[in-house]
Amino acid sequence: MTLGMILFYGGIVLFALALIALVVTNIILSVISTKLKALMDTSYGK
Amino acid sequence: MITQGTVLKNTYQIMEMIGAGGGGTIYKAYHLGLKKFVVVKRVKDNWASIMDSEKEAAIIKNLKHQYLPQAYDFIRLPEGIFTVIDYIPGYSLDKYLFKQYRFTQQQILHWLKQAAEALIYLHSQQPPIIHSDIKPANIMITTQGNICLIDFNVSLTSTPDSTINATSRGYASPEQYLNLHPINQPQPGIPFVPQYHFDMTTPLDARSDIYSLGATFYHLMTLQRPPRMPEHIPEIPDTLEGFDETLIHIVNKMTRYDPRERYQTAQELLNDLQNIRKLDKRSIAQRRSRLICNTVFPIIMAGAIVMSVAGYLTMGQEAEEAFQEKVTYADNCTDNQEYEKAQQAYEEAMGMKPEDISPYFGMMSLYTSQGDFESAVRYGKDTLAEHSFKDNTDKERADFYYILGNAYFEQEQYEEAVTQYTQTVSLNRKNPEYYRDYAIALARSAYVAKAKEILEEAHDLGLENDSVALVNAEIAFAENRTEDAISYFRKAIDQSSNENLIQRAYLYLCRTYQKTGKYDDLIDTITTHESLFNTYRKKVSKLMCAEADLSKAENTPEANRQKLFAEKAIDLYNEVRQMGPVSKTSQFNLATAYEYTNDFTHAEEVLTEMVKTYPNDPDVYARLAILEADQQGQIKEVSSRDYTKFKEYYDKAEQLNQTNKVNGTSSAVILQMEQLMQEIKDNNWLKE
């Protein structure tokens, strides 16, 4: 495994992981956001 | 005297007194014209004396806002000054507070926003109207659940020097207290009612109303009246049940002692109230998380892309380095005569970059280094048929054509060599050595005029004198000027310091000796300068000596001398065979040499060995047939001769000759064999 291969494949893996993390985190945040909105509707009114 | 039933200004019929406060007495009245209830407020006498009725009536009448009561009239009568405003059905907040009513956060927020809007309206008037008496009692909650900010007359009466005031304890801003100066002292036996002189040494602004509104809502949220003395209101704790931190912080900011720390305008307050969701720490945390997520991950992704691109470029660089390393290693192996390792390395390099010419060139060098020009030619032709090497430079491709041309040249296929050299110089016109070898090949192909022309071009390109002499020698040889040729070759050898050129010149000189039958000169030259030659040329030179000895054996009538020369030739041929593969002609010559020494066994051995190498070559069988005939010819008693084996070789040779005949003609060996057959047949030596 050369440095170039480590960088190339490492970059691809890192990109994929970051993309998955971005999507998953956004989904989680969207769920939290929905719940928070409901919570705020209760707290502050609609 | 105002009593129930009194009609003011023939319009407002007093119904009942509904309240009395710092500003005056309040009556519920009936508007006879509009047929609706109104509120009539009698302004206290000491205030009335300072009110500018006309101006302030106009201001009050012009105020129109959904959270402010509509003012209808401003009446100056002998009984006093009256203001007429909307009757607001509902209760003021102090009534609810009196009952310890606990409001929800939603209600608080809703009313706070409405109050802020009302203040924005009042503060935006010209001149700005500062309510200056906001407190629970002055905020009505209508039957629709909205607020109505009442009793803002005081704001109109604020003058720089006055004994009136509307400083509601606990709700008035600290700066309002600064405008109050006590004018009486408690006396024994008399109930003390403190009186103050009020002035405007500290001018009030919007921040004062914001404070009072904050104090009011402090009371609503905590159900505790703010401290009566002008001191800091303790901050509402974040943990106050039923309320979020954000709202608590807003109210706390409204009630800061220092006006500079409060909201500076009601609009600023309203903005925060409207954006309370955004200010909520949970919302901030969520937004921060989203920001981090949408910033950090894309940055990582961008970094990953950069990393991948860098990796891709590095991989390309590494592949190129590995390829070059492999080719260099193979070249070194070739130089060290480790041919198997070299071939393997070149093949691996080809696997790395199939369209790069370097390893193919290396393979050609490998074959030519071993003197295997036949393989070099075959390999070169196949390679050019399969690859275009478009990505390589013209110079690199020229080198490949050049080495292929050299292989053809060494194979004595000069026409083909000329073709390859033509390609070479068309791709690289700057190398005079290409022109030199091109001219030599032309001379050997008998294109003497063209050879001279190319020599001229080479000369113009700066061809060295030794090379010029070499080409001139070849041209002279082609023109049968052998003495000139020998002279030029010697000149080339004398002038050159290039080992390769010197070796070539010696070999070409010996070739001239060979063609002119000067075998002794040839053998003498080679014997003297053998140490100069590289492995391959040493092999060639030995073959030339062997051929010279064989020629001498052929040309010598004396049997002993013939045998002597033949034995020398045999020794040299066997020496050469030890050095590597030899050509078909040389093997035939070796067999012939054995024949001259009457060693038919070894001669047959050589030819039988050749059958394995050239199983489909009719010449080998023809040569075997001739050898067999010669062997039988040695038997003096004709009847004892047996030409059965000869016949077998003959038949095999003829069979192969039928399929392998080139242009319908047979080789000299076949013809010689057929002649022998005819002789045998004529003599009836063949047994049935």
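These lines cover the structure that appears in this document, whether it is placed above or below. (Residues numbered from 1 in each chain as written. Chains lettered and ligands numbered in written order. Predicted model: local features only at pLDDT ≥ 70, side-chain atom pairs only at ≥ 80, totals over all residues. Heavy atoms only, no water.)

## Concerning the overall build of chain B
Argument step 1. The number of helices and strands found in chain B is 29 helices and twelve strands.
Argument step 2. Classification of the 688 residues of chain B by burial places 49% in the buried group.
Argument step 3. With the model as given, the accessible surface of chain B reaches about 34,300 Å², and the carbon-plus-sulfur share is 50%. (Helix = DSSP H or I, 4+ residues; strand = E, 2+ residues; numbered from the N terminus. Buried < 20%, exposed > 50% of the residue type's maximum accessible area, 1.4 Å probe, protein only. Areas by Shrake-Rupley, 256 points an atom, 1.4 Å probe, with all protein chains shown as cover.)

## So, the nonpolar core
Argument step 1. Formed by 121 residues in total, the largest nonpolar core has its most connected members in Tyr-346, Phe-409, Leu-470, Leu-522, Phe-646 and Met-673 of chain B.
Argument step 2. If sequence neighbours within four positions are ignored, Leu-522 of chain B has contacts with Cys-510, Tyr-513, Gln-514, Met-544, Cys-545 and Ala-548 of chain B. (Core = buried A, V, L, I, M, F, W, Y, C linked by side-chain atoms within 4.5 Å. Contact = heavy atoms within 4.5 Å.)

## Here's the deal with the interface of chain B and chain A
For interface size, the figure often reported is the accessible area lost on association.
Argument step 1. With 28 residues of chain B at the interface, the matching set in chain A holds 32 residues.
Argument step 2. Both faces combined, the contact of chain B with chain A buries some 2,600 Å², and carbon together with sulfur accounts for 68% of it.
Argument step 3. When the buried area of chain B at its contact with chain A is split by residue, Arg-277, Met-301 and Met-307 of chain B rank highest and sum to 23% of it.
Argument step 4. At the junction of chain B with chain A, the criterion picks out one salt bridge.
Argument step 5. Between Arg-277 of chain B and Asp-41 of chain A there is a salt bridge, and its shortest N-O distance comes to 2.4 Å.
Argument step 6. Between chain B and chain A we count 16 residue pairs in polar contact (both at pLDDT 80 or more) in total.
Argument step 7. Per-class residue counts for the side of chain B that touches chain A are twelve nonpolar, ten polar and six charged. (Buried area = accessible area lost by both parts, 1.4 Å probe. Salt bridge = Lys/Arg side-chain N within 4 Å of Asp/Glu carboxyl O. Polar contact = N/O pair within 3.5 Å; in protein donor to acceptor, adjacent residues only side chain to side chain. Nonpolar A, V, L, I, M, F, W, Y, C, P; charged D, E, K, R; others polar.)

## Observations concerning the side chain of Thr-11 of chain B
All names here are of chain B.
Argument step 1. Locating Thr-11 in the fold gives a position in the loop between strand S1 (7-8) and strand S2 (12-20).
Argument step 2. A distance of 2.8 Å separates a polar atom in the side chain of Thr-11 from the backbone oxygen of Lys-9.
Argument step 3. What Thr-11 contacts, discounting residues up to four positions off in sequence, is Tyr-30, His-31 and Leu-32.

## Examining helix H7 (residues 206-222) of chain B
Residues and elements named next belong to chain B.
Argument step 1. When the terminal C-alpha atoms of H7 are compared, their 24 Å separation across 17 residues agrees well with the 24 Å that a helix rising 1.5 Å per residue should span.
Argument step 2. Of all 17 residues that make up H7, 17 are buried, and the element is covered over most of its length.
Argument step 3. Phi for Leu-223, located one or two positions after H7, is positive at around 60 degrees. (Expected span 1.5 Å × (residues − 1).)

## A closer look at the pairing of strand S8 (residues 139-142) of chain B
All names here are of chain B.
Argument step 1. Residues Ile-139 and Ile-141 line one face of S8 and the alternating positions Met-140 and Thr-142 line the opposite face, and both faces are buried.
Argument step 2. Where S8 meets strand S9 (residues 147-149), three bridges bridge the pair, whose relative direction is antiparallel. The partner of Ile-139 across the bridge, within S9, is Leu-149.
Argument step 3. Between S8 and S9, which pair antiparallel one after the other, the connecting turn spans four residues, and Gly-145 there sits at a positive phi close to 90 degrees. (Pairing = 2+ DSSP bridges.)

## What about the packing of helix H1 (residues 3-44) of chain A against helix H4 (residues 105-123) of chain B?
Argument step 1. Packing of H1 of chain A against H4 of chain B brings their axes to within 6 Å, and their N-to-C directions diverge by 70 degrees. Taken together, the axes of H1 of chain A and H4 of chain B lie roughly perpendicular to each other. Of H4 of chain B, the residues touching H1 of chain A (which contributes Asp-41, Thr-42, Ser-43 and Tyr-44 of chain A) are Gln-105, Gln-106 and Leu-109 of chain B.
Argument step 2. For the contact of H1 of chain A with H4 of chain B, the residue count by class is two nonpolar, four polar and one charged. (Axes fitted to C-alpha atoms, helices over the stretch in contact; angles between N-to-C directions. Parallel < 35°, antiparallel > 145°, perpendicular 65-115°, else oblique.)

## Digging into the environment of Asp-205 of chain B
Argument step 1. Position of Asp-205 of chain B among the secondary structure elements: in the loop between strand S12 (196-199) and H7.
Argument step 2. Once the C-alpha coordinates of Asp-205 of chain B and Pro-128 of chain B are considered, the two residues, 77 residues apart in sequence, prove to be 8.4 Å apart.

## Structural notes on the packing of aromatic side chains
Argument step 1. A full pass over the atoms with the stated rule returns 22 aromatic pairs over all chains.
Argument step 2. With 5.0 Å between their ring centres and 75 degrees between their planes, Phe-8 of chain A and Tyr-9 of chain A make a pair best called edge-to-face.
Argument step 3. Judged by centre distance (6.1 Å) and plane angle (85 degrees), the rings of Tyr-643 of chain B and Phe-646 of chain B are edge-to-face.
Argument step 4. On the basis of relative accessible area, Tyr-643 of chain B is assigned to the buried category, the value being 3%.
Argument step 5. Assessed through its relative accessible area of 0%, Phe-646 of chain B is described here as buried.
Argument step 6. Following the ring pairs from residue to residue traces out a cluster consisting of Tyr-91, Tyr-96, Tyr-101, Phe-103 and Trp-111 of chain B. (Phe/Tyr/Trp six-rings, centres within 6.5 Å; stacked < 30°, edge-to-face > 60°.)

## Notes on the pattern of salt bridges
All names here are of chain B.
Argument step 1. What the rule picks out here adds up to 35 salt bridges over all chains.
Argument step 2. Between Glu-235 and Arg-256 there is a salt bridge whose closest N-O contact spans 2.7 Å. Of this pair, Glu-235 sits in the loop between H7 and helix H8 (245-254) while Arg-256 sits in the loop between H8 and helix H9 (266-274), and the two are 21 residues apart along the sequence.

## What about the packing of helix H27 (residues 618-633) of chain B against helix H29 (residues 668-682) of chain B?
Residue and element names in this part refer to chain B.
Argument step 1. Contact geometry for H27 and H29: axes closest at 9 Å, N-to-C directions at 40 degrees. Taken as a pair, H27 and H29 cross one another with a handedness that is left-handed. Between H27 and H29, the residues in contact are Pro-618, Asp-619, Ala-622, Arg-623, Ala-625, Ile-626 and Ala-629 and Val-669, Ile-670, Gln-672, Met-673 and Leu-676, respectively.
Argument step 2. Classifying every residue of the contact of H27 with H29 by side-chain character gives nine nonpolar, one polar and two charged. (Left-handed = near helix turned anticlockwise from the far one by under 90°.)

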